[in-house]
Amino acid sequence: MKHLIIYSHLNPASFTKAIVDVVAQKATAQGEEVRIIDLYSDKFNPVLEMPDIEFMFMGKEIPNDVAHYQEMITWADHLTIVYPMWWAQMPAMLKGFIDRVFSHGFAFQITENGPVGLLKGKTAQVYMNTNHPSEYYAETLMHKAQLRVIEQGVFEFCGIQTETTFFGNVISGTDELRKSYLESIK
Ligand SMILES: Cc1cc2nc3c(=O)[nH]c(=O)nc-3n(C[C@H](O)[C@H](O)[C@H](O)COP(=O)(O)O)c2cc1C
């Protein structure tokens, strides 16, 4: 299996990066081919600009960075996406990656019968870290809101079958809690 890990974090000592390391180790041990997109190290430009729109809708040339990341997504059978919740949403860096890379004509197509996902057959696992407790976010439907956005609104919209795991109390919790989260991935 070809496994692409995409993550958004500025800090190599973050829990997000710890998850990435565990997922990569496990996948490699299972004989999967693993590639990693570290959006901060790549200095990805998350701002959708005119050349992106000209590429998507006006038949102009694809921006080089977008072409590079689309090739990686085409290559992958499975995506793992890891990020912290910031202000009840994904970080702007990841949002910009989706805006620019999951483009019309590549990830989805608008047809007379409505939108069609073009990335069918791929699967995704999302890991989202929060500092609020998971119980609180489950009760207040924040988790449901996240699933609506990230699964229904983004990956499944593109035809990618997606599962999401939430890790709560990531800052306030104990080392044992964080270790148990990493163990649950292993
Ligand atoms: C700008 C910013 C906004 C945040 N917003 C939220 C939030 O809305 N809900 C929440 O539970 N935690 C929030 N947090 C806490 C992060 O989710 C927490 O730092 C992260 O899950 C810890 O994992 P990490 O080590 O991978 O960053 C926020 C943190 C930052 C820096």
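What counts, and where the lines are drawn
- Residues numbered from 1 in each chain as written.
- Predicted model: local features only at pLDDT ≥ 70, side-chain atom pairs only at ≥ 80, totals over all residues.
- Heavy atoms only, no water.
- Pairing = 2+ DSSP bridges.
- Helix = DSSP H or I, 4+ residues; strand = E, 2+ residues; numbered from the N terminus.
- Axes fitted to C-alpha atoms, helices over the stretch in contact; angles between N-to-C directions.
- Contact = heavy atoms within 4.5 Å.
- Near = heavy atom within 4 Å.
- Polar contact = N/O pair within 3.5 Å; in protein donor to acceptor, adjacent residues only side chain to side chain.
- Areas by Shrake-Rupley, 256 points an atom, 1.4 Å probe, with all protein chains shown as cover.
- Core = buried A, V, L, I, M, F, W, Y, C linked by side-chain atoms within 4.5 Å.
- Buried < 20%, exposed > 50% of the residue type's maximum accessible area, 1.4 Å probe, protein only.
- Arc of directions from axis to C-beta.
- Salt bridge = Lys/Arg side-chain N within 4 Å of Asp/Glu carboxyl O.
- Lys, Arg positive; Asp, Glu negative; His and termini not counted.

## Quick notes on the sheet that holds strand 2 (residues 33-38)
Okay, so step 1: Strands sit in the order 2-1-3-6-7 across an open sheet of 5 strands; the sheet is parallel. At either margin of the open sheet sits one strand with a lone partner, and together these are strand 2 and strand 7 (161-167). Averaged over all pairs of adjacent strands, the angle between their axes in this sheet comes to 15 degrees, without regard to strand direction.
Okay, so step 2: Both strand 1 (residues 2-7) and strand 3 (residues 78-84) contribute to a ladder of 5 bridges, which runs parallel. Residue pairing in the sheet places Y7 in a bridge with V82 of strand 3.
Okay, so step 3: Set on the sheet, helix 6 (residues 142-155) makes contact with strand 3, strand 6 (123-129) and strand 7; between it and strand 7 the angle comes to about 150 degrees.

## Quick look at the site of the ligand
Okay, so step 1: In the region of the ligand, 16 residues are neighbours, and H9, T16, M85, W87 and H132 sit closest.
Okay, so step 2: Here N131 contributes a backbone N or O atom positioned 2.9 Å from an oxygen atom of the ligand.
Okay, so step 3: Interatomic distance of 2.9 Å between a side-chain N/O atom of Y137 and a nitrogen atom of the ligand.
Okay, so step 4: Within the complex, 74% of the 630 Å² of free accessible area of the ligand lies under protein.

## Focus on the nonpolar core
Okay, so step 1: Judged by nonpolar contacts, the single largest core of 35 residues is most densely connected at L4, I81, F97, F102 and F155.
Okay, so step 2: Sorting the residues of this core by element identifies strand 1, helix 3 (64-75), strand 3, helix 4 (92-101), strand 6 and helix 6 as the ones contributing at least two each.
Okay, so step 3: Considering every element that reaches this core, the biggest residue donor is helix 4, with 5 residues.
Okay, so step 4: Apart from the residues lying within four places of it in its own chain, the contact partners of F97 are I6, I37, L39, F44, Y69, I73 and F102.
Okay, so step 5: Counting 15 residues, the second largest nonpolar core, distinct from the first, contains A24, V82, F167 and I185.

## What to know about helix 2 (residues 50-58)
Okay, so step 1: All buried positions along helix 2 are accounted for by D52, F55 and M56. Take helix 2 and look down its axis: the buried residues cluster within an arc of 90 degrees, on one side only.
Okay, so step 2: Contact partners of the buried residues in helix 2: helix 3 and helix 4.

## Describing the pattern of salt bridges
Where side chains of opposite charge bring their charged atoms close, a pairing between them can arise.
Okay, so step 1: Using the criterion set out here, one finds 6 salt bridges in the structure.
Okay, so step 2: Close ionic contact of R100 with D52 constitutes a salt bridge, the shortest N to O distance being 3.0 Å. Within this pair, whereas R100 is found in helix 4, its partner D52 is found in helix 2, the two being separated by 48 residues in sequence.
Okay, so step 3: R100 gets classed as buried once you look at its relative accessible area, which sits at 4%.
Okay, so step 4: A relative accessible area of 3% means that D52 is categorised as buried.
Okay, so step 5: When the shortest N-O distance is used, the salt bridge between D65 and R100 registers 2.8 Å. Within this pair, whereas D65 is found in helix 3, its partner R100 is found in helix 4, the two being separated by 35 residues in sequence.
Okay, so step 6: Taken together, the shared-partner salt bridges in this structure form one network comprising D52, D65 and R100.

## Let's talk about the side chain of D38
Okay, so step 1: Inspection of the secondary structure puts D38 in strand 2.
Okay, so step 2: Buried within the structure, D38 lacks any salt-bridge partner; K17 is the closest side chain of opposite charge, at an N-O distance of 6.9 Å.
Okay, so step 3: In terms of polar contacts, D38 uses its side chain to reach the side chain of Y7, at 2.8 Å.
Okay, so step 4: Apart from residues lying up to four places away in sequence, D38 is in contact with Y7 and H9.

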